[in-house]
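Spelled out, the chains give:
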Amino acid sequence: MDAPAAFTDAEFYQRSFDPQEYLREFCSLSNAQGQPNTLLTQSLRNLFNMFALDGLSGHTLIDVGCGPTIYQLLSACERFQEIISLDYTDRNRQELEKWLRNEPGAFDWSPVVKYVCELEGDREKWAEKEEKLRKKVKQVLKCDVTKANPTAPVSLPPADCIVSTLCLEAACKDLATFRSALRNISTLVKPGGHLVMVTVLQETFYAFNKQVFSCLYLERSMVEEAVEGAGFDVKLSEVQPYLPGDARTDCKAVLNLVACRRASTTA
């Protein structure tokens, strides 16, 4: 399988990205053949470790490019009082809101929540964690990371932390757009606040439900330089190889990164 000839744009996502199919494909702990979902479990462990770092707490967390998922918030919700979730497509936001309202037909996240609770030392607190997260997500808003104000026409006060998982590399057609998007989302976080990122490396596509989506090819150094250029100091940067043989993607590795926004973005 190859990457699309032209980079998949925002309107293609709005029209063709099926959140329920995405969740079924990528957000269960194992696939239909019973093979473990290594990318998800690695990400859960890494997010648990990153959100346990000193200083990674506060009042407000903004999730940039949340998609229809909550896994990236399961550790974070223990460290922040309020969460604002942002995504471009209407259907992703609707799917997320369905879970937040505990509606029939919402995706069953309980195995993933139990996994994180086990990391935290008490698997039996999963229902309590689900309820806590539902209460803490205060807004679900449209965003476009290519805009100077990603949430326009809404203006959000800068948050204590922003998290972005598997978003920018799918939303940005080239490195210049990626750098610009990081500068744009930097406005959502206070000076001294944090950026937490999970980003795939050396990937040009991912596929599900007979649809192929583009991904910006990135190396670790490219991401770190873009983060620094957006006014952050990188505090943690770890690369983990991605197991070969997954026909749904040509991803080679995953980067887990934590950065702190400088007091002056010109520093």
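In every chain, residue numbers begin from 1 and rise along the written sequence. It should be noted that, the model being predicted, local features are given only for residues of pLDDT at least 70 and side-chain atom pairs only at 80 or more, the latter also being counted only at that level, while totals for whole chains, interfaces and linings use all residues. The side-chain numbers reported here are obtained from all heavy atoms of the structure, hydrogens and water having been left aside.

Visitor: Even after reading the chapter, I still don't get the overall build of the chain, so can you show me in this structure?
Guide: Assigned secondary structure in the chain consists of nine helices and nine strands. Against the compact-globule benchmark of 18 Å for 267 residues, the chain has a radius of gyration of 17 Å, which places it among compact chains. For the chain, the spread of C-alpha atoms along the principal axes amounts to about 50 × 45 × 35 Å. Residue burial is assigned from relative accessible area. The probe radius is 1.4 Å, only protein chains are included, and a residue is buried under 20% of its type maximum, exposed over 50%, and partly exposed in between. Among the 267 residues that make up the chain, the fraction classed as buried is 52%. Contacts: residue pairs with any heavy atoms within 4.5 Å of one another. When contacts within the chain are restricted to residue pairs at least 6 apart in sequence, those whose partners lie at least 24 apart make up 72%. Surface accessibility in these figures is a Shrake-Rupley result with a 1.4 Å probe; residues are shielded only by whichever protein chains are displayed. In the form shown here, the chain has an accessible surface area of approximately 11,800 Å², with 50% of it arising from carbon and sulfur atoms. Helix and strand assignments come from DSSP, with helices taken as H or I runs of at least 4 residues and strands as E runs of at least 2, each series counted from the N terminus. Note on method: radius of gyration uses C-alpha positions; expected globular size equals 2.2 Å times residues raised to 0.38.

Visitor: Would you mind going over helix H4 (residues 90-100) with me for this structure?
Guide: For H4, every residue scored as buried is listed here: Asn92, Arg93, Glu95, Leu96, Lys98, Trp99 and Leu100. Contacts from the buried residues of H4 go to helix H2 (19-26), strand E2 (80-87), helix H6 (126-136) and strand E3 (137-142). Directly beyond the C-terminal end of H4, a positive phi value near 60 degrees is found at Asn102.

Visitor: Is there a simple way to explain the sheet that holds E3 in this structure?
Guide: Where strands meet in a sheet, backbone hydrogen bonds hold them as pairs that are either parallel or antiparallel. Pairing within the open sheet is mixed, and its seven strands lie in the order E3-E2-E1-E4-E5-E9-E8. Strand pairing shows two members of the sheet lacking a second neighbour, E3 and strand E8 (232-241), which therefore form its edges. Each adjacent strand pair in this sheet contributes to an overall mean axis angle of 15 degrees, direction not counted. What makes two strands pair is DSSP finding at least two bridges between them. Both strand E1 (residues 58-64) and E2 contribute to a ladder of six bridges, which runs parallel. To get an axis, a line is fitted to the C-alpha atoms, and for a helix only the part in contact is used. The angle between two axes follows their N-to-C directions and goes from 0 to 180 degrees.

Visitor: Help me out: how do you make sense of the pattern of salt bridges in this one?
Guide: If charged atoms from side chains of opposite charge come close, those side chains can pair. The rule for a salt bridge is simple: a side-chain nitrogen of Lys or Arg has to be within 4 Å of a carboxyl oxygen of Asp or Glu. Inspection of the entire model under this criterion finds 16 salt bridges. A salt bridge links Arg134 to Glu130; the shortest N-O distance between them is 3.6 Å. One end of the pair is Arg134 and the other is Glu130, both in helix H6 and four residues apart, which spans about a single turn. Judged by its relative accessible area of 14%, Arg134 is buried. Under the relative-accessibility criterion, Glu130 is labelled buried at 9%.

Visitor: Would you explain the packing of aromatic side chains in this entry?
Guide: Aromatic ring pairs are described here by two measures, namely the spacing of the ring centres and the angle between the planes. Stacked, tilted and edge-to-face are the three classes assigned to paired rings of Phe, Tyr and Trp, where Trp is represented by its six-membered ring and a pair needs centres within 6.5 Å; plane angles under 30 degrees give stacked, over 60 edge-to-face, the rest tilted. Within this structure, the stated rule accounts for 15 aromatic pairs. With a centroid separation of 5.0 Å and an interplanar angle of 45 degrees, the aromatic rings of Tyr13 and Phe213 are classed as tilted. One end of the pair, Tyr13, is in helix H1 (residues 10-16); the other, Phe213, is in strand E7 (residues 211-214), and 200 residues separate them in sequence. Accessibility classification places Tyr13 together with Phe213 in one group, the buried group. An aromatic cluster is defined as three or more aromatic residues linked by ring pairs; in this entry it consists of Phe12, Tyr13, Phe17, Tyr22, Phe26, Tyr206, Phe208 and Phe213. A cation over a ring is seen here: Lys114 above Trp126, with NZ or CZ 4.8 Å from the ring centre. We call a charge positioned above a ring when the Lys NZ or Arg CZ atom is no farther than 6 Å from the ring centre and deviates by at most 35 degrees from the ring normal. Note that Lys142 overlies the ring of Tyr88, its terminal NZ or CZ placed 3.8 Å from the centroid.

Visitor: Sorry, what's going on with helix H9 (residues 220-229) here?
Guide: Because an α-helix completes one turn every 3.6 residues, residues spaced three or four positions apart along the sequence face the same direction. Taken as a whole, H9 has its buried residues at Val223, Ala226 and Val227. All buried residues of H9 lie within an arc of 100 degrees about the axis, which places them on one face of the element. Its buried side turned inward, H9 meets helix H8 (175-186), strand E5 (189-201), E8 and strand E9 (253-261). Just past H9, the residue Gly231 takes up positive phi, approximately 100 degrees. Directions drawn from the helix axis to the C-beta atoms are what define this arc.

Visitor: Is there a simple way to explain unusual backbone geometry in this structure?
Guide: Residues apart from glycine generally show negative phi values, whereas peptide bonds are mostly found in trans. Looking along the chain, the bond that leaves Ala152 and enters Pro153 is cis, with omega of 10 degrees. Looking at the secondary structure, you find Pro153 in the loop between E3 and strand E4 (159-165). Phi is positive for Gln202, close to 55 degrees, though the residue is something other than glycine. Mapped onto the elements, Gln202 comes out in the loop between E5 and strand E6 (205-208). Residues other than glycine seldom take positive phi values, yet Lys210 does so here, at roughly 65 degrees. With respect to the secondary-structure elements, Lys210 resides in the loop between E6 and E7. A residue is classified by how much of its surface remains accessible, and Lys210, at 88% relative accessible area, is exposed.

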